[in-house]
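Residues per chain are reported as follows:
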Amino acid sequence: MDVVDFWIRSWTSDDLPGARKLLAPDVEAEWNLDAPVDDEEMLQVLHRIAAFADGVSVVARTDAVDGSALIYDLTAPFGTARLVEFLGVDGQSINEVRHVYDVTAIDRFFPGLYAN
């Protein structure tokens, strides 16, 4: 899926304008972090991950007709956390993003990641 490939390349290289243009105007965003989320807040957290992490790598990917499920390793200076991402794709747009973070590791290795 070209849309998913472009999404991965965009946010992991901290290209937020590139990632943003893939999101449908009515994109649904959800996550398990203890903070409200909309598409802009989600992009800001992805920016902070890309800027702070030593590396972000896809360790597993499953594509379906209408989206993808991805598992990322987020390598920080003192450890690694996992992010599971579910993307809904409609045409050339992402209409749904669900993030499941390893919250214990995020709080330990990416302190303040989702604090406003």
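So, how was this worked out
- Residues numbered from 1 in each chain as written.
- Predicted model: local features only at pLDDT ≥ 70, side-chain atom pairs only at ≥ 80, totals over all residues.
- Heavy atoms only, no water.
- Helix = DSSP H or I, 4+ residues; strand = E, 2+ residues; numbered from the N terminus.
- Polar contact = N/O pair within 3.5 Å; in protein donor to acceptor, adjacent residues only side chain to side chain.
- Core = buried A, V, L, I, M, F, W, Y, C linked by side-chain atoms within 4.5 Å.
- Buried < 20%, exposed > 50% of the residue type's maximum accessible area, 1.4 Å probe, protein only.
- Contact = heavy atoms within 4.5 Å.
- Pairing = 2+ DSSP bridges.
- Axes fitted to C-alpha atoms, helices over the stretch in contact; angles between N-to-C directions.
- Salt bridge = Lys/Arg side-chain N within 4 Å of Asp/Glu carboxyl O.

Enquirer: I tried to follow the environment of S13 on my own but got confused; where do I start?
Expert: Following the sequence through the fold, S13 ends up in the loop between α1 (2-12) and α2 (16-20). Through-space distance from the C-alpha of S13 to that of H47 is 8.8 Å; in sequence the pair is 34 residues apart. A polar contact is formed between the side chain of S13 and the backbone oxygen of R9, at a distance of 2.6 Å.

Enquirer: What exactly am I supposed to notice about the nonpolar core here?
Expert: One broad rule of soluble globular proteins: the nonpolar side chains tend to lie buried together. W7, W11, I49, I94, Y101 and F110 are the most contacted members of the largest nonpolar core, which totals 37 residues. If you list the elements that add at least two residues to this core, you get α1, α2, β1 (23-31), α3 (39-52), β3 (67-76), β4 (79-90), β5 (93-101) and α4 (103-109). When residues no more than four places from it in sequence are discounted, the contact partners of Y101 are W31, N32, L33, V45, L46, I49, R82, L83 and I106.

Enquirer: Where do I start with the sheet that holds β1 in this structure?
Expert: Pairing between the strands of a sheet is mediated by backbone hydrogen bonds and can be parallel or antiparallel. With mixed pairing, the five strands of this open sheet are ordered in space as β1-β5-β4-β3-β2. Every interior strand has two partners, whereas the edge strands, β1 and β2 (55-64), have only one. Taken over all neighbouring pairs, the strand axes of this sheet differ in orientation by 20° on average, direction set aside. Where β2 lies against β3, nine bridges are found, and the strand directions are antiparallel. When the sheet's bridge partners are listed, T62 is paired in β3 with A69. Along the sheet, α1 contacts β1, β2, β3, β4 and β5; its crossing angle with β3, the most-contacted strand, is approximately 20°.

Enquirer: Could you clarify how one ought to interpret α1 in this entry?
Expert: Note on helix geometry: an α-helix contains 3.6 residues per turn, so any two residues three or four positions apart are oriented the same way. Within α1 the residues assigned to the buried category are V3, V4, W7, I8, S10 and W11. Looking one or two places after α1, you find D14, whose phi comes out positive at around 65°.

Enquirer: How should the pattern of salt bridges be read in this particular structure?
Expert: A full pass over the atoms with the stated rule returns eight salt bridges. Here R61 ties to D5 by a salt bridge, and the two come within 2.5 Å at their closest N and O atoms. Taken together, the residues R61 in strand β2 and D5 in helix α1 connect sequence positions 56 residues apart. Notably, a salt bridge pairs R98 with E96, separated by 2.9 Å at the nearest N-O pair. Exposure remark for E96: the relative accessible area of 30% places this residue in the partly exposed category. If you follow the salt bridges from partner to partner, you end up with E28, E30, E96 and R98 in one network.

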